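Observations on the model geometry
Below are the chains, spelled out letter by letter.
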Amino acid sequence: MGRIVSIGECMGELSETGAPGALSMGFAGDTLNTAFYLRQSLGPEWQVDYVTAVGTDGLSDRMLDFLNAEGIGTAHIRRLADKTIGLYYITLKEGERSFTYWRNDSAARRLASDPAAIVRALENSDVAYWSGITLAILPNQDRLALIEALGQFAGRGGTVVFDPNLRPRLWDNPETMRGWIHRAAAISDLCLPSFDDESTWFGDSDPIETAKRYHAEGARRVIVKNGGGAVTFLETTDKTGVLSIPSVEHVVDTTAAGDSFNAGFLAAELSGKSIEDAIAAGARLAAKVIGARGALVKDATAS
Ligand code: AMP
């Protein structure tokens with residue numbers, strides 16, 4: 001039995017249904033999306049747990065019900081009586097989605113405020129997955145505590161997997177973001193950036209430059225996603241490669257493309273596949289996810 005924990009923020013998602021006055025309610029968030037696809041992709045020999053903080057209110061209860069119903073473990077989700085979950089609202093206008101967020105005071109911002117709880121959550125786990133969004137929403141001292149806990153987990157032989165998921169709007173300024181992202185990469189075994197973001201915020205001229213930069217910061221292996229373009233990997237300084245991915249004819253909604261790629265890749269690698277086959281699996285899963293509407297596509301797997 002293996003165990004993987006995904007750490008971050010899950011939010012309530014309100015979207016217009018098209019019927020006047022009617023909204024539908026769901027749950028999503030980058031690290032939760034990956035946990036969802038890991039759960040769908042891995043067999044019962046893997047336990048997938050989500051680590052966050054929620055409130056004690058009815059809306060928080062509904063989120064936990066949702067996670068439990070999906071088979072995602074909730075034992076390490078802290079409940080804070082004075083907080084509730086973040087929310088976002090999707091407006092659809094002529095096929096384009098725009099987002100309004102209420103998350104500045106969400107419970108998830110306190111997910112690392114009890115470092116001992118994080119250490120407990122990581123105990124007996126093989127893989128810890130987190131992202132730049134997880135880091136962005138925390139106060140500085142909690143960022144340090146989380147990095148320290150994950151660094152110790154890696155020191156004990158745990159695998160730390162990090163998606164930089166650069167979101168400058170969640171940070172005070174781009175320079176602060178860049179500094180913390182590199183500190184996070186330094187304790188990660190595997191870093192999974194998207195070239196589009198990296199070229200914008202780090203000025204990389206091509207994906208191999210992104211891979212080499214994260215490797216130089218301390219990430220052992222790097223896989224650089226690039227939308228519909230080829231995926232670049234760096235396994236060791238001497239082993240790099242570029243793999244083209246199948247084109248998707250009808251892209252419906254690219255929400256969670258990177259999150260699902262990460263899950264497809266990890267699930268394949270944890271089942272013993274080579275890095276090349278695992279990248280192909282990640283791309284197959286992401287292709288299914290972007291071919292349907294919404295972040296969480298039921299029954300989408302790499303097979
Ligand atoms: P991104 O984070 O946008 O670089 O995309 C993550 C992954 O989603 C990529 O590595 C692809 O596997 C898949 N993907 C995203 N956009 C496309 C696209 N237009 N066509 C095919 N695959 C895509």
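Everything below is about the structure printed above this text.
Residues numbered from 1 in each chain as written. Predicted model: local features only at pLDDT ≥ 70, side-chain atom pairs only at ≥ 80, totals over all residues. Heavy atoms only, no water.

Points about the overall build of the protein chain
Filter applied, for reference: Only runs of H or I of at least four residues qualify as helices and only runs of E of at least two qualify as strands under DSSP, and these elements are numbered from the N terminus. Type-normalised accessible area, obtained with a 1.4 Å probe on protein chains alone, sets the label of each residue: buried when under 20%, exposed when over 50%, and partly exposed for intermediate values. Surface accessibility follows the Shrake-Rupley procedure with a 1.4 Å probe radius. Residue values consider only the protein chains on display as shielding. Counted as positive: Lys and Arg. Counted as negative: Asp and Glu. His and the chain ends are not counted at all. A charged residue contributes its charge at one atom only: NZ of Lys, CZ of Arg, CG of Asp or CD of Glu.
Summing up its helical and strand segments, the protein chain has 10 helices and 14 strands in all. Its C-alpha atoms give the protein chain principal-axis dimensions of about 55 × 45 × 40 Å. The burial tally for the protein chain puts 52% of its 303 residues in the buried class. A total accessible area of about 13000 Å² is found for the protein chain, and carbon and sulfur atoms account for 50% of it. Side-chain charges of the protein chain comprise 29 positive and 39 negative groups, with the mean position of each set lying 2 Å from the other.

Comments concerning the site of the ligand
How we decide: Nearness is judged by heavy atoms alone; a residue qualifies as near a molecule or strand once a single heavy atom is within 4 Å of it. Two N or O atoms count as a polar contact when they lie within 3.5 Å, although within protein this holds only if one can serve as hydrogen donor and the other as acceptor, and sequence-adjacent residues are included solely when both atoms are side-chain atoms. Each residue receives one of three labels: charged for Asp, Glu, Lys and Arg, nonpolar for Ala, Val, Leu, Ile, Met, Phe, Trp, Tyr, Cys and Pro, and polar for the others, Gly being one of them.
Not every one of the 15 residues close to the ligand is listed here, only the nearest: Ser194, Asn226, Gly227, Ile245 and Val248. Ser194 has a polar side-chain atom sitting 2.7 Å from an oxygen atom of the ligand. Between an oxygen atom of the ligand and a main-chain N or O atom of Gly227, the distance comes to 2.7 Å. Elements with a contribution of two residues or more to the shell around the ligand: helix H9 (257–270) and helix H10 (275–290). Taken together, the residues that form the shell around the ligand break down as 9 nonpolar, 5 polar and 1 charged.

Things to note about the packing of aromatic side chains
What counts here: Each pair of aromatic rings taken from Phe, Tyr and Trp, with Trp reduced to its six-membered ring, is defined by centres within 6.5 Å and is described as stacked if the planes are under 30 degrees apart, edge-to-face if over 60, and tilted in the remaining cases.
By the definition in use, this model includes 7 aromatic pairs. Measuring from ring centre to ring centre gives 6.3 Å for Phe99 and Tyr101, while their planes differ by 20 degrees; the resulting arrangement is stacked. On the basis of relative accessible area, Phe99 is assigned to the partly exposed category, the value being 35%. With a centroid separation of 6.2 Å and 70 degrees between ring planes, the pair formed by Phe202 and Tyr214 is classed as edge-to-face. Separated by 12 residues along the polypeptide, Phe202 in helix H7 (residues 195–202) and Tyr214 in helix H8 (residues 207–217) bring together distant segments of the chain. Pair check on accessibility: Phe202 and Tyr214 agree, each one buried. One aromatic cluster is present, built from ring pairs that chain together Tyr88, Phe99 and Tyr101.

A word on the sheet that holds strand S7 (residues 87–93)
What counts is decided by this rule: Each pair of strands is called paired provided DSSP finds at least two bridges between the two strands. Orientation is described by axes fitted as lines to C-alpha atoms, over the contacting stretch for helices, and by angles from 0 to 180 degrees between their N-to-C directions. Between two residues, a contact is recorded if the distance between any of their heavy atoms is within 4.5 Å.
Taken in spatial order, the 4 strands line up as S3-S2-S7-S8 in an open sheet, and their pairing is mixed. One side of each edge strand has no neighbouring strand; the edge strands of this open sheet are strand S3 (23–28) and strand S8 (96–102). Put simply, the sheet's adjacent strands are angled 25 degrees from each other on average, direction ignored. Relative to S3, strand S2 (residues 11–16) runs antiparallel, the two sharing 6 bridges. Along S3, the bridge assignment pairs Glu13 with Gly26. The strands touched by helix H2 (residues 58–69) are S2, S3 and S7; relative to S3, the strand with the most contacts, the crossing angle is about 65 degrees.

A short note on the packing of helix H5 (residues 140–155) against helix H6 (residues 174–186)
Packed helix pairs are specified by the crossing angle of their axes together with the interaxial distance, meaning the distance between the axes. Selection rule: Here the angle decides the label: under 35 degrees means roughly parallel, over 145 means roughly antiparallel, 65 to 115 means roughly perpendicular, and every other value means oblique. Helix crossings are classified by the rotation of the near helix relative to the far one: an anticlockwise turn of less than a right angle makes the crossing left-handed, while a clockwise turn makes it right-handed.
Between H5 and H6, the least distance of the axes is 10 Å, while the angle of their chain directions is 20 degrees. With respect to their mutual orientation, H5 and H6 come out roughly parallel. H6 is crossed by H5, and the crossing has left-handed handedness. Residues Asn140, Arg143, Leu144 and Ile147 of H5 touch H6, and the partners they reach there are Trp180, Arg183 and Ala184. For the contact of H5 with H6, the per-class residue count stands at 4 nonpolar, 1 polar and 2 charged.

A look at H7
Using the following cut-off: Relevant arc is that of directions from the helix axis to the C-beta atoms, nothing else.
Those residues of H7 lying buried are Phe195, Glu198 and Phe202. Along H7, the residues classed as buried sweep out an arc of 65 degrees about the axis, all on the same side. Exposed side of H7, more than 90 degrees from the buried face: Asp196 and Thr200 are the residues found there. The inward-facing, buried residues of H7 contact H6, H8 and strand S12 (221–224). At the C-terminal side of H7, Gly203 shows a positive phi close to 75 degrees.

Some points on the packing of helix H3 (residues 115–122) against H5
Close contact between H3 and H5 brings their axes to 10 Å; oriented N to C, the two are set at 30 degrees. As far as their axial angle goes, H5 and H3 are roughly parallel. Once H3 is placed against H5, the crossing between them reads as right-handed. Contact with H3, carried on its side by Pro115, Ile118, Val119 and Leu122, involves Ala145, Leu146, Ala149, Leu150 and Phe153 of H5 and no other residues of that element.

Side note on the environment of Glu198
Relative to the helices and strands, Glu198 resides in helix H7. Judged by relative accessible area, which is 1%, Glu198 ranks as buried. In this structure the C-alpha to C-alpha distance between Glu198 and Ala81, which are 117 residues apart in sequence, comes to 38 Å. Those residues in contact with Glu198 that sit more than four places away from it in its chain are Pro164, Leu166, Pro193, Gly203, Asp204, Thr210, Arg213 and Tyr214.

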